[in-house]
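Structure at a glance
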Amino acid sequence: MKRLIFASLTCFLCVVIGCSALEARGPIRALLVTGGCCHDYEQQTETITNGLSERLPIEWTIAYDENDTTDSQSALFDDPNWAEPYDVVVHNQCYADTADPEYIAKIVAAHESGVPAVVIHCAMHTFRAADIDDWRALLGVTSYGHERLSEYPTAIANPEHPIIGDFPSDWISPMDELYVVEETWPDTDVLITSTSEDDGESHPVVWTNQYGDARVFGTTFGHTTETLSDSDFQELVA
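Described below are features of the structure shown in this document. These numbers were taken from a predicted model, which means no experiment stands behind them. Counting of residues starts from 1 at the beginning of each chain's written sequence and follows it residue by residue. Predicted model: local features are reported for residues with pLDDT of at least 70 only, side-chain atom pairs are reported and counted for 80 or more only, and whole-chain, interface and lining totals are derived from all residues. Values reported for side chains reflect all heavy atoms of the structure, with hydrogen atoms and water molecules removed beforehand.

Some remarks on unusual backbone geometry
Heads up, the condition is: Strands are runs of DSSP state E lasting at least 2 residues, helices are runs of H or I lasting at least 4, and numbering of each runs from the N terminus. We call a residue buried when its accessible area falls under 20% of the maximum for its residue type, exposed when it is over 50%, and partly exposed in between, using a 1.4 Å probe and counting protein chains only.
Its identity as a non-glycine residue notwithstanding, Cys38 has a phi of 80 degrees, on the positive side. Among the secondary structure elements, Cys38 is positioned in the loop between strand 1 (28–36) and helix 3 (41–53). Phi at Phe127 is positive, roughly 60 degrees, even though this residue is not glycine. Here Phe127 is to be found in the loop between strand 4 (117–120) and helix 5 (134–139). Looking at Phe127, the relative accessible area reads 2%, which means it is buried.

Looking at the packing of aromatic side chains
Under the convention used in this document: When two rings of Phe, Tyr or Trp (its six-membered ring) have centres within 6.5 Å they constitute a pair, described as stacked for plane angles under 30 degrees, edge-to-face for angles over 60, and tilted for the intermediate range.
Scanning the model with the defined rule gives seven aromatic pairs in all. Between Phe77 and Tyr103, the aromatic rings sit 5.9 Å apart at their centres with planes inclined by 75 degrees, giving edge-to-face as the arrangement. Of this pair, Phe77 sits in the loop between strand 2 (58–65) and strand 3 (88–94) while Tyr103 sits in helix 4 (residues 101–112); the two residues are 26 residues apart in sequence, bridging distant segments of the chain. Assessed through its relative accessible area of 3%, Phe77 is described here as buried. Given the relative accessible area of 5%, Tyr103 is considered buried. An aromatic cluster is present here, built from Phe77, Trp82, Tyr103, Phe127 and Trp135 joined pairwise through their rings.

A few points about the pattern of salt bridges
Side chains that differ in charge, positive against negative, can pair when their charged atoms come close. Threshold: By convention in these notes, a salt bridge is any Lys or Arg side-chain nitrogen within 4 Å of a carboxyl oxygen on Asp or Glu.
Scanning the entire structure with this criterion turns up seven salt bridges. Residues Arg55 and Glu54 are paired through a salt bridge, measuring 3.8 Å at the closest nitrogen-oxygen approach. Measuring nitrogen to oxygen at the nearest pair gives 3.2 Å for the salt bridge that ties Arg148 to Glu197. On the criterion of sequence distance, the pair formed by Arg148 in strand 5 (residues 141–150) and Glu197 in the loop between strand 8 (189–195) and strand 9 (202–211) is long-range, its members being 49 residues apart. Residue class for Glu197 comes out partly exposed when judged on its relative accessible area of 38%. By sharing partners, the salt bridges in this structure join Glu54, Arg55 and Glu235 into a single network.

Some points on a negative patch on the surface
Note the threshold: Patch definition: residues with relative accessible area over 30% and no salt bridge; like charges joined within 9 Å; nonpolar side chains (Val, Leu, Ile, Met, Phe, Trp, Tyr) joined within 5 Å. Per-residue accessibility takes into account occlusion by the displayed protein chains alone, with areas from the Shrake-Rupley method and a 1.4 Å probe. Positive charges are assigned to Lys and Arg, negative charges to Asp and Glu, while His and the chain termini are left out of the count. To locate a charge, take atom NZ for lysine, CZ for arginine, CG for aspartate or CD for glutamate.
A surface patch of negative charge is lined by Asp40, Glu42, Glu46 and Glu66. The topology assignment puts Glu66 in the loop between strand 2 and strand 3.

Let's talk about the sheet that holds strand 2
Two orientations exist for strands paired in a sheet by backbone hydrogen bonds: parallel and antiparallel. Note the following rule: When DSSP finds two or more bridges between two strands, those strands count as paired. Only the stretch in contact is used when a helix axis is fitted, and all axes are lines through C-alpha atoms; the angle between N-to-C directions ranges over 0 to 180 degrees.
If you trace the eight strands from one edge of the open sheet to the other, you get 2-1-3-4-10-9-8-6, paired in mixed fashion. Here the strands that pair on one side only, and so sit at the sheet edges, are strand 2 and strand 6 (154–156). In this sheet, neighbouring strand axes are inclined to one another by 20 degrees on average, regardless of whether the strands run parallel or antiparallel. Sheet topology note: the strand 4/strand 10 (residues 214–219) ladder contains four bridges and is parallel.

Structure (structure tokens):
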């Protein structure tokens, strides 16, 4: 089983950054952008980086804003080449009230030119107050709210996708929030769904998106450390 999982991960990485690049150089250079309101981001940072590093050779850089706020703007993105040193950027932040279109454009421009992104949980509600759709187009989904904490059964929507691999067909999330996804974007490929306990509507919880030249992986799960620590969830994100 471990050999099969490693093979699946290797295939996925070949798709993302190219087999020759994977074989020729060292660890994946990953930037984790995190911080904001409503979550224990110090603990989440440790859980994400440790969990993924157990599965893949990753050299992490952490951009952590310790301010518990909904409207922060990081100086990191003032450099137009902010993403150049990295093979992938992981967005796990929560800034719903940051709405400055020029600031948002600095972030999405780097991804549109080809830097892959992994977007987790409240990244979907980051820049929620913005009038422009640039960030939502990068994410591949539009969401403005979520339902209550619960354990949500999931269904695989695209079992043939290489990211799915051996992910259990009957996986139930640890205690987490179901995000209400109002729209998926044209290049979004929904991989896993879950169902509202309130109205029975199905919502994407895991997907991929193509944004310009960038491949994007997204999941709305990740509110709790229990989810982020779950071995199946960590394998999926890896």
